[in-house]
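Single-letter residue listing:
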Amino acid sequence: MSTLAVIDYGMGNLHSVAKAVEHVARELSLELEVAVTADAQIIARADRVIFPGVGAIRDCMAEINRLNVGEMVAEAMQTRPVLAICVGMQALMEYSGENGGVDCLGLVPGRVRYFGEELRDAAGVWLKVPHMGWNEVRQFREHPLWEGVPDGSRFYFVHSYYIQTERDDLVAGTSRYGKEMVAAIADRNIFATQFHPEKSQKAGLRLLGNFLRWGGEA
Amino acid sequence: MGLARRIIPCLDCDNGRVVKGVRFVDIRDAGDPVEVSKRYCDEGADEVTFLDIAASHEGRATTVETVRDIAAQVFIPLTVGGGIRTLDDIRMMLNAGADKVAINTAAVFDPPFVRAASERFGSQCIVVAVDAKRVADGAESKWEIFTHGGRKPTGIDAVEWCSRMVDYGAGEILLTSMDRDGTKEGFDNQLNRVVSSTVRVPVIASGGVGALEHLAEGVLEGGVDAVLAASIFHFREFTIEQAKRHMAARGIEVRL
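Residues numbered from 1 in each chain as written. Chains lettered and ligands numbered in written order. Predicted model: local features only at pLDDT ≥ 70, side-chain atom pairs only at ≥ 80, totals over all residues. Heavy atoms only, no water.

Along chain B, the regular secondary structure elements total 10 helices and 12 strands. Compactness check: chain B gives a C-alpha radius of gyration of 17 Å against a globular reference of 18 Å for 256 residues, within 12% of the reference. Overall size of chain B, expressed as C-alpha extent along the three principal axes, is 45 × 45 × 40 Å. Each of the 256 residues in chain B was classed as buried or not, and the buried ones make up 59%. Summed over its atoms, the accessible surface of chain B is roughly 9800 Å², and 48% of this surface lies on carbon and sulfur atoms. Between the averaged position of the 30 positive side-chain charges in chain B and that of its 38 negative side-chain charges there is a distance of 1 Å. (Helix = DSSP H or I, 4+ residues; strand = E, 2+ residues; numbered from the N terminus. Rg over C-alpha atoms; globule rule 2.2 N^0.38 Å. Buried < 20%, exposed > 50% of the residue type's maximum accessible area, 1.4 Å probe, protein only. Areas by Shrake-Rupley, 256 points an atom, 1.4 Å probe, with all protein chains shown as cover. Lys, Arg positive; Asp, Glu negative; His and termini not counted. Charge placed at Lys NZ, Arg CZ, Asp CG, Glu CD.)

Here is the structure:
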């Protein structure tokens, strides 16, 4: 029996991600106990940690700071596999331009920026914000979490802010929406996605399955 | 290549069964919503929308139960609408596993509710459903918001309304043409075009799909980001996969 903690800091729907990993564990015949929790002791004992997030970064960071979630994530990523999703990924960065500017956890180098009102594709067509729907993800480098996921697979995104980092070596996947953006980051025990694997049907479930079998460090 | 246009099958449900539909005289039973959702997901649906058409107080528990069952088995985004009037209604649906909620009538009678909802839960999960009816044709075309299944005019201009809802925090607009809904004659693409080129958030076209080409027209003529249909999928006239192949053949980027 292995354990997985989905960190619950009171923001948004964690049902989806918990249900998806439980489903994947059943399919793979893995004995897995999933806890959706903010309890530091349960998170410290879990074999794997998922750091999700939806909503506005200011509210998320307020709760993350209040509940000391940053410390839990920092500790977990030293020793165990951690998967950060969407705003969870953005919270790992140094700073976000959302809500007039918010300091984030600074666990991964990089910043979070707004797509802008006048986002256009190569043909000059006006692009809607949020970036919502299924976009192709180019695998920027090999990683155990990409195993069995065809390069260029579509994943489900919904976000108005995107990540920029100067550390190309940390970029695991990219997508294009008016501009090239980071779709996934890999840094030792952490794998982080801007898209929602729990909502990305086959490709997403495959990635979650890979996470459940990953021992950390690529 | 980039973002794909979405195809969203819609399940109109009444007391735990899929029916079609709100404005049809005879309501035909089209099955169990959980089974139907799974089938759509397997066929490649990009999202599923679940509308509780009766939205009665008594039926609410059944709806929550159904949403929970769908969410446990369908790993694509799920939108739930029908009778969403309070922040508690939204919380209940999100906790049951919905990713987004569609607010319709409550937005018309209490517009600040949309602002409160998006501030509390984030714009990404707030869809405002707009029922628009044409009140003037030609170059001066105008559409008005109607409530009560298209029976009651409100005097509100539909295009201005959509912009206002986006300012209030709607993350997406579900735009239904009341003139076309149930007709199988295709979308009102003039309406789709005007709204889609006005608001900065994604627009889902709804109402009138009777053929696969109608879906393609929504994108090519209406300029919408997603197309929604109910009856053509329920009775297996077409599969989602057929719909996607048709759109791809018309040069539209889809997830295959």
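There is more to say, and it comes next.
Where charged atoms from two side chains of opposite charge come close, those side chains can pair. In the structure shown here, the tally under the stated rule is 30 salt bridges over all chains. In this structure, the salt-bridge partner of R206 of chain A is E147 of chain A, at a minimum N-O distance of 3.6 Å. Taken together, the residues R206 of chain A in helix 6 (residues 201-213) and E147 of chain A in the loop between strand 9 (138-139) and strand 10 (154-159) connect sequence positions 59 residues apart. Using a relative accessible area of 32% as the deciding quantity, one classes R206 of chain A as partly exposed. D89 of chain B is the partner of R60 of chain B in a salt bridge, and the nearest nitrogen-oxygen pair spans 3.6 Å. One end of the pair, R60 of chain B, is in helix 2 (residues 60-71); the other, D89 of chain B, is in helix 3 (residues 87-96), with 29 residues separating them in the sequence. Residue R60 of chain B is classed as buried on the basis of its relative accessible area of 11%. Classification of D89 of chain B as buried rests on a relative accessible area of 12%. (Salt bridge = Lys/Arg side-chain N within 4 Å of Asp/Glu carboxyl O.)

Glancing now at the sheet that holds strand 11 (residues 161-164) of chain A. Within a beta sheet, neighbouring strands are joined by backbone hydrogen bonds and run either parallel or antiparallel to one another. Residues and elements named next belong to chain A. Strand order in the open sheet formed by 4 strands is 6-5-7-11, with mixed pairing between adjacent strands. Edge positions in the open sheet fall to strand 6 (102-103) and strand 11, since each of these has one partner strand only. In this structure, strand 5 (residues 95-96) lies alongside strand 7 (residues 111-114), joined through 2 bridges in parallel fashion. Looking across to strand 7, one finds that Y95 is bridged to R111. (Pairing = 2+ DSSP bridges.)

A word on the pairing of strand 1 (residues 2-7) of chain A. All names here are of chain A. As defined by bridge partners, strand 1 adjoins strand 2 (residues 32-37) across 6 bridges and the pair is classed as parallel. Bridge pairing links S2 to L32 in strand 2. The sheet contact formed by strand 1 and strand 3 (residues 48-51) spans 3 bridges and is parallel. Its bridge partner lying in strand 3, L4 is registered against R48.

Now for the packing of helix 6 (residues 158-167) of chain B against helix 7 (residues 189-198) of chain B. Each pair of packed helices can be summarised by the angle the axes make with each other and by the distance between the axes. All names here are of chain B. Close contact between helix 6 and helix 7 brings their axes to 10 Å; oriented N to C, the two are set at 30°. Relative to helix 7, the element helix 6 is oriented roughly parallel. The crossing of helix 6 and helix 7 is right-handed. Side by side, helix 6 and helix 7 meet where V159, C162 and S163 of the first sit next to V194, V195 and T198 of the second. The class makeup of the residues in the contact of helix 6 with helix 7 is 4 nonpolar, 2 polar and no charged. (Axes fitted to C-alpha atoms, helices over the stretch in contact; angles between N-to-C directions. Parallel < 35°, antiparallel > 145°, perpendicular 65-115°, else oblique. Left-handed = near helix turned anticlockwise from the far one by under 90°. Contact = heavy atoms within 4.5 Å. Nonpolar A, V, L, I, M, F, W, Y, C, P; charged D, E, K, R; others polar.)

Before going further, it helps to spend a moment on the pairing of strand 1 (residues 6-14) of chain B. Residue and element names in this part refer to chain B. Within strand 1, 8 of the 9 residues are buried, leaving the element largely enclosed by the surrounding structure. For strand 1 and strand 12 (residues 226-229), the ladder comprises 4 bridges, and the chain directions are parallel. If you follow P9 over to strand 12, its bridge partner there is A229. Bridge count for strand 1 against strand 4 (residues 48-52) is 4 bridges, and the pairing is parallel. Bridging across to strand 4, L11 finds its partner in F50.

To continue, consider the interface of chain A and chain B. Counting from both sides, the interface comprises 30 residues of chain A and, opposite them, 39 residues of chain B. Counting each side, the surface lost to burial between chain A and chain B is near 2800 Å², with a carbon and sulfur contribution of 55%. Among the residues of chain A in contact with chain B, K128, M132 and W134 of chain A are the three that bury the most area, contributing 24% of the side total. The interface formed by chain A and chain B contains 4 salt bridges. A salt bridge links E117 of chain A to R200 of chain B, with the shortest nitrogen-to-oxygen separation between them at 4.0 Å. Of all elements in the fold, only helix 1 (15-27), strand 8 (131-136), strand 10, strand 12 (171-177) and helix 6 of chain A reach the threshold of two or more residues within the side of chain A that touches chain B. If one sorts the elements of the side of chain A that touches chain B by residue count, strand 8 of chain A sits on top with 6 residues. Residues of the side of chain A that touches chain B, tallied by class, amount to 11 nonpolar, 10 polar and 9 charged. (Buried area = accessible area lost by both parts, 1.4 Å probe.)

The relative placement of two aromatic rings is captured by the distance of their centres and the angle of their planes. For the coordinates displayed, the defined rule picks out 11 aromatic pairs over all chains. Note on W146 of chain A and F155 of chain A: the rings are 6.4 Å apart at their centroids and 55° apart in plane angle, and the pair reads as tilted. For W146 of chain A, a relative accessible area of 3% corresponds to the buried category. Against the face of Y168 of chain B rests R115 of chain B, its NZ or CZ located 4.3 Å from the ring centre. Positioned over the ring face of F121 of chain B is R120 of chain B, at 5.1 Å from the centre of the ring. (Phe/Tyr/Trp six-rings, centres within 6.5 Å; stacked < 30°, edge-to-face > 60°. Lys NZ or Arg CZ within 6 Å of the ring centre and 35° of its normal.)

Residue and element names in this part refer to chain B. Put simply, helix 1 (residues 33-43) and helix 2 touch, their axes get as near as 9 Å, and they point 30° apart. By the criterion of interaxial angle, the relationship of helix 1 to helix 2 is roughly parallel. The element helix 1 and its partner helix 2 pack so that their crossing is right-handed. Between helix 1, through P33, V34 and S37, and helix 2, the contact on the second element is made entirely by T66, D69 and I70. Considered class by class, the residues forming the contact of helix 1 with helix 2 number 3 nonpolar, 2 polar and 1 charged.

Right, let's talk about helix 3 (residues 57-66) of chain A for a bit. Residues and elements named next belong to chain A. Buried within helix 3 we find I57, C60, M61 and I64. Take helix 3 and look down its axis: the buried residues cluster within an arc of 95°, on one side only. In this structure, the buried residues of helix 3 make contact with strand 3, helix 4 (69-79), helix 5 (87-92), strand 5 and strand 6. In the segment just after helix 3, N68 is the residue with positive phi, at about 65°. (Arc of directions from axis to C-beta.)

From the geometry alone we can't say anything about function, so treat these as descriptive.
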